[in-house]
Amino acid sequence: MQKLTREEAWNLLCTYNEKPALRRHALAVEAAMRHFAQLENEDVEVWGAVGLLHDLDYEKYPDQHCVKAAELLRDAGVDEFYIHGVCSHGYGICCDVKPESRMEKVLYTIDELTGLINALCLMRPSKSVLDLEVKSVKKRFKDKSFAAGVNRQTILDGCQLLDMTLEDVIQETILGMRENAEEISLKGNL
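Rules behind the numbers
The numbers attached to residues start from 1 for each chain and follow its sequence in the written order. For this predicted model, a pLDDT threshold of at least 70 governs which residues receive local features, and a threshold of 80 or more governs which side-chain atom pairs are given and counted, while totals over whole chains, interfaces and linings are taken from all residues. Here the side-chain values reflect all heavy atoms present in the structure, with hydrogen atoms and water set aside. Working definition: helices are DSSP H or I runs of at least four residues, strands are E runs of at least two. Numbering for both runs from the N terminus. For every residue, the accessible area (1.4 Å probe, protein chains only) is compared with the maximum for its type, and the residue is labelled buried under 20%, exposed over 50%, or partly exposed between those bounds. Throughout, a residue-residue contact means that at least one pair of heavy atoms, one from each residue, lies within 4.5 Å. Think of a polar contact as two N or O atoms within 3.5 Å of one another; within protein, one of them needs to be a possible hydrogen donor and the other a possible acceptor, and neighboring residues in sequence only count if both atoms come from side chains. Here the term cavity refers to a set of points on a 1 Å grid, laid over the protein atoms alone, in which a 1.4 Å probe fits but cannot get out; the term pocket refers to an open set having protein on both sides within 12 Å along at least five of seven lines, with lining residues being those that place an atom within 4 Å of a point. Grid points are joined across faces, edges and corners, and a volume is the space filled by probe spheres set on the points. Put simply, Ala, Val, Leu, Ile, Met, Phe, Trp, Tyr, Cys and Pro go in the nonpolar bin, Asp, Glu, Lys and Arg in the charged bin, and everything else, Gly too, in the polar bin. For Phe, Tyr and Trp, rings pair up if their centres lie within 6.5 Å, where Trp contributes its six-membered ring, and each pair is then called stacked (planes under 30 degrees apart), edge-to-face (over 60) or tilted (otherwise). Charge-over-ring contacts are defined here by two conditions on Lys NZ or Arg CZ: a distance within 6 Å of the ring centre and an angle within 35 degrees of the ring normal.

A.B. asks: Quick rundown of the environment of Val-67? Include the residues and the values.
C.D. replies: Relative to the helices and strands, Val-67 is located in helix α4 (residues 67-75). Val-67 gets classed as exposed once you look at its relative accessible area, which sits at 51%. Residues Val-67 and Ile-174, 107 residues apart in the sequence, show an inter-C-alpha distance of 29 Å. Setting aside chain neighbours within four positions, we find Val-67 in contact with Asp-57 and Cys-94.

Laid out in structure tokens, this is it:
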């Protein structure tokens, strides 16, 4: 496999994504992926690059999400390993690329969860992920009207794929996002 550097992944992301919110989401997913890679004793650079690139096509090609990404990544000469990883997060939603590796299962699970955590942080007085607790996320997870666009079933299905409890996945995702709190604009006023 030909590895991507973080700079190459970031530059590729920025080529197709100009909106700050989408870039921050990519950074949040990257941070969580790097954290999970450390837990699994895996390559944090590889997992991080897949996290950064997972929504590569979303801003410009939302109706072709995960399908157009494969084309864009191939055109850029990116290894099929990354392409499968990126596309697998849309399994059953917008594509039929099944998450097979541990890395792909983590991405599938935490993509939506980072969005829920981000939304929750922004409504908190601290505006921060640094003081966020699992119980707060679980409470909002159950409230279907909060961050209604977040696919909770995908998160639950992902927890099953990972053989982890929802609580553990939430905890580890929060910890990952904390590692990059300032860059993802969730340091808040702490």
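A.B. asks: Hey, could you go over the side chain of His-89 for me, with residue numbers and the actual values?
C.D. replies: By the secondary structure assignment, His-89 is in the loop between α5 (80-88) and α6 (102-123). In this structure the side chain of His-89 is engaged in a polar contact, spanning 3.2 Å, whose partner is the side chain of Asp-55. In contact with His-89, other than residues within four places in its own chain, are His-54, Asp-55, His-65, Cys-66, Leu-107, Tyr-108 and Asp-111.

A.B. asks: If you had to explain the layout of surface pockets to someone new, which residues and values would you point to?
C.D. replies: In this structure, the largest pocket spans a volume of roughly 670 Å³. Lining the largest pocket are 29 residues; nearest its centre among them are His-25, Asp-55, Asp-111, Glu-112 and Gly-115. Put simply, the parts of the chain that give the lining of the largest pocket at least two residues each are α2 (20-39) and α6. Top element by residues in the lining of the largest pocket is α6. It accounts for 7 residues. The class makeup of the residues in the lining of the largest pocket is 15 nonpolar, 10 polar and 4 charged.

A.B. asks: Go over the packing of aromatic side chains, please, and point to the residues and values.
C.D. replies: Within this structure, the stated rule accounts for 1 aromatic pair. When the centroid spacing of 5.8 Å and the interplanar angle of 90° are considered together, the rings of Phe-81 and Tyr-82 count as edge-to-face. Judged by its relative accessible area of 0%, Tyr-82 falls in the buried class. Stacked on the ring of Tyr-61, the Lys or Arg Lys-68 has its end atom at 4.7 Å from the ring centre.

A.B. asks: Any details on helix α3 (residues 44-53)? Residues and values, ideally.
C.D. replies: In terms of burial, α3 is a largely internal element, 8 of the 10 residues being buried. What α3 keeps buried is the set Val-46, Trp-47, Gly-48, Ala-49, Val-50, Gly-51, Leu-52 and Leu-53. Buried residues along α3 sit against α1 (6-16), α2, α4, α5 and α6.

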